[in-house]
Amino acid sequence: MNELNFRVATEEDAPQVHQLVESAYSAKDSRKDWTDDLGLLSNFSLDIQEILDVITKPDSAMLMATNNQNILVGSIGTSKRDTNHARIFTFAVDPSQVCRGIGRQVLAYAEEYCQRTWGVTTAGLNALSRRPQILSWYSRQGYKETDRYNRDGQPSHNPYIIFDHVDERSFQKCFEDSMEKLRTRSWMTYKFISHIIVLKLPTRMHEAAHGAFRDIFAIWYRSQKGRLLHRGRADVEGFTRKKCPDYSWMSSVHTPKGDIKWPTIILQAGWSDSSAKLKQDVSFWLRESKEQVKVALTIKVTPKEKITIERWTLKQTVGGNFVEPIQTMCITRQRDTSSNPYQISGSMHIQFEDCFLRAKGENETDSLVSHDDMAEIAGVVWDSVEP
């Protein structure tokens, strides 16, 4: 195994680190399904300012690995996200030095540096999911895949658009601070580790689904004595990403250990073929809020056929935790509409305490979605997608 020397990069090192990263991410590799990716080769671009930002920002560092001849053979970016978490990014090894154990040493040193410098216990990173051998390599280093986005073969009506390699400065300028409403309203997720933006383009179905539910939900909570504060699409910055819900509410009651950045109730809507994406969204809200989000709801729509509302929970197991639906209510359009145009199954019962963060008072009630409510939502949604 090659003996390496490690140090923290300075501003004077930025050009050679930039050159190494560019060459590593643009090198064509002869090994099938390993580091060669034609999509990446044709699209990868990195501004040297991004390297300088990592070097000069507080709570971040670019680490360099040199061999005994003081030649740079590897580099890796690190930053502290919060008290317990760090992120690792821009991981590069000299293309002429691959398969010599350098990558394993660089990654291990980065993990040790983050723990020693910031006292963190967890590190996250991005792997290019189109490369099965890379994913397998990271798995052998102890990393677990948390989510994946399919860039190819998405149905034409899928509302999601994905942009790669968007640094935080560009994200803020082009999306958060933009004067164009479509940009500010369409971004849904910005992932710090992978520099990926997920956009969800507004559609009539999308607006109708969460709009109809909001109207019905509002009738209930306005009849209670407490208050729910409208947060709308207010974004929240978690450990791995910054994210906007389709809609959210917050209780006016603040718990002693709660962080006021997290809403109490969130709602996400999508097409039925984006079920995996909705599950990833719910996972973010429940996991990264440490269950300060008490009510996580999704609405899935099959145009002209079926609408499903689900409430999710974070289930703890010996091997970790995962999200699963605990309540499901579904309405299906019948082919024979002579007797009953709809078939409705399941129920949706949302406890008062989970929404208002206090016990029910006199004449206060839980929220129940009735069959009439589901028929109302279905009518609004399906009318919105009729030709």
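Residues numbered from 1 in each chain as written. Predicted model: local features only at pLDDT ≥ 70, side-chain atom pairs only at ≥ 80, totals over all residues. Heavy atoms only, no water.

Peer 1: Hey, could you run me through the overall build of the protein in this one?
Peer 2: Looking only at helices and strands, the protein features eleven helices and 19 strands. Taking contacts inside the protein between residues at least 6 apart in sequence as the whole, the part at least 24 apart equals 60%. In the structure as shown, the protein presents an accessible area of about 19400 Å², 49% of it carried by carbon and sulfur atoms. (Helix = DSSP H or I, 4+ residues; strand = E, 2+ residues; numbered from the N terminus. Contact = heavy atoms within 4.5 Å. Areas by Shrake-Rupley, 256 points an atom, 1.4 Å probe, with all protein chains shown as cover.)

Peer 1: Whenever I open this one, the side chain of Ser283 confuses me. Can you help?
Peer 2: Locating Ser283 in the fold gives a position in helix 9 (residues 275-288). A distance of 2.3 Å separates the side chain of Ser283 from the side chain of Arg287, its partner in a polar contact. Ignoring anything within four residues of it in the chain, the contact list for Ser283 reads Glu288 and Val323. (Polar contact = N/O pair within 3.5 Å; in protein donor to acceptor, adjacent residues only side chain to side chain.)

Peer 1: I'm lost on the nonpolar core in this one. Help?
Peer 2: A general trend in soluble globular proteins is that nonpolar side chains are found buried together. In terms of nonpolar packing, the biggest core is built from 37 residues, with Ile76, Phe91, Leu107 and Tyr138 touching the most fellow members. Every element with two or more residues in this core is listed here: helix 1 (14-26), helix 3 (48-56), strand 2 (60-66), strand 3 (72-80), strand 4 (85-93), helix 4 (102-118) and helix 5 (132-140). At seven residues, the largest contribution of residues to this core is made by helix 4. If we skip the residues at most four places from it in the chain, Ile76 touches Ala61, Met62, Leu63, Ile88, Phe89, Thr90, Phe91, Val106, Leu107 and Ala110. The next biggest cluster of nonpolar side chains, apart from the first, holds 36 residues, and it includes Ala208, Trp220, Ile350 and Ile377. (Core = buried A, V, L, I, M, F, W, Y, C linked by side-chain atoms within 4.5 Å. Buried < 20%, exposed > 50% of the residue type's maximum accessible area, 1.4 Å probe, protein only.)

Peer 1: I'm lost on the packing of aromatic side chains in this one. Help?
Peer 2: Think of a pair of aromatic rings as described by two things: how far the centres are apart, and how the planes are tilted against each other in angle. According to the stated counting rule, one finds 14 aromatic pairs in the structure shown. Taken together, a centroid distance of 5.7 Å and an interplanar angle of 85 degrees make the contact between Tyr113 and Trp118 edge-to-face. The same class applies to Tyr113 as to Trp118, namely buried. Summarising the aromatic geometry, the rings of Phe352 and Phe356 are spaced 4.5 Å apart at their centres and angled 20 degrees between planes, so their arrangement reads as stacked. Linking Phe352 with Phe356, this pair stays in helix 10 (residues 352-356), spanning four residues, or about one helical turn. The burial state of Phe352 is the same as that of Phe356; both residues are buried. (Phe/Tyr/Trp six-rings, centres within 6.5 Å; stacked < 30°, edge-to-face > 60°.)

Peer 1: Explanation requested: unusual backbone geometry in the structure shown.
Peer 2: For residues besides glycine, phi is generally negative; the peptide bonds are generally trans as well. With phi around 60 degrees, Asn70 is a residue other than glycine that occupies positive phi space. Along the polypeptide, Asn70 turns up in the loop between strand 2 and strand 3. With a relative accessible area of 62%, Asn70 lands in the exposed category.

Peer 1: How should the sheet that holds strand 1 (residues 5-8) be read in this particular structure?
Peer 2: Two pairing modes exist for strands in a sheet, parallel and antiparallel, and in both the strands are linked by backbone hydrogen bonds. Strands sit in the order 1-2-3-4-5 across an open sheet of five strands; the sheet is mixed. For this open sheet the edge positions go to strand 1 and strand 5 (122-125), each flanked by a neighbour on one side alone. On average, each strand axis in the sheet is tilted by 25 degrees relative to the strand beside it, whichever way the strands run. Two elements, strand 3 and strand 4, share six bridges in a ladder whose sense is antiparallel. If you follow Ser75 over to strand 4, its bridge partner there is Ala92. Sitting on the sheet, helix 4 is in contact with strand 1, strand 2, strand 3, strand 4 and strand 5, with an inclination near 30 degrees to strand 3. (Pairing = 2+ DSSP bridges. Axes fitted to C-alpha atoms, helices over the stretch in contact; angles between N-to-C directions.)

Peer 1: Can you help me understand helix 4 in this one?
Peer 2: Helical periodicity: at 3.6 residues per turn, an α-helix aligns residues three or four positions apart in one direction. A rise of 1.5 Å per residue sets the reference length of helix 4, with its 17 residues, at 24 Å; its end C-alpha atoms lie 24 Å apart and thus fit the reference within 8%. If you check which residues of helix 4 are buried, you get Ile102, Gly103, Gln105, Val106, Leu107, Ala110, Tyr113, Cys114 and Trp118. Immediately beyond the C-terminal end of helix 4, within one or two residues, lies Gly119, with a positive phi of roughly 70 degrees. (Expected span 1.5 Å × (residues − 1).)

Peer 1: Where do I start with helix 9 in this structure?
Peer 2: Compared with an ideal rise of 1.5 Å per residue, which puts 14 residues at 20 Å, helix 9 spans 20 Å between its outermost C-alpha atoms and is within 8% of the ideal. Within helix 9 the residues assigned to the buried category are Lys277, Leu278, Gln280, Asp281, Val282, Ser283, Phe284, Trp285 and Leu286.

Peer 1: Please clarify how the side chain of Asn67 should be interpreted in this entry.
Peer 2: Mapped onto the secondary structure, Asn67 falls in the loop between strand 2 and strand 3. Overall, Asn67 belongs to the buried group, its relative accessible area being 16%. Here the side chain of Asn67 touches Ile71 through a polar contact of 2.9 Å, landing on its backbone nitrogen. In contact with Asn67, other than residues within four places in its own chain, are Glu3, Leu4, Asn5 and Val73.

Peer 1: Any chance you could explain the pairing of strand 5 here in plain terms?
Peer 2: Two faces, one strand: in a regular strand the side chains alternate between the faces of the sheet. Relative to strand 5, strand 4 is paired through four bridges, and the arrangement is parallel. Following the sheet pairing, Arg87 is matched in strand 5 by Gly124. Of the crossover connections in this fold, the one passing from strand 4 over helix 4 to the parallel strand 5 is right-handed. (Right-handed = clockwise from strand over helix to strand, strands pointing away.)

Peer 1: Would you mind going over the pairing of strand 12 (residues 247-251) with me for this structure?
Peer 2: Burial of strand 12 is extensive: five of the five residues sit out of reach of the surface. Side chains Tyr247, Trp249 and Ser251 project from strand 12 onto one buried face, and the interleaved Ser248 and Met250 project onto a second face that is buried too. The pairing of strand 9 (residues 228-230) with strand 12 spans three bridges and is classified as antiparallel. Residue pairing in the sheet places His230 in a bridge with Trp249 of strand 12. Where strand 12 lies against strand 13 (residues 265-271), three bridges are found, and the strand directions are antiparallel. When the sheet's bridge partners are listed, Ser248 is paired in strand 13 with Ile266.

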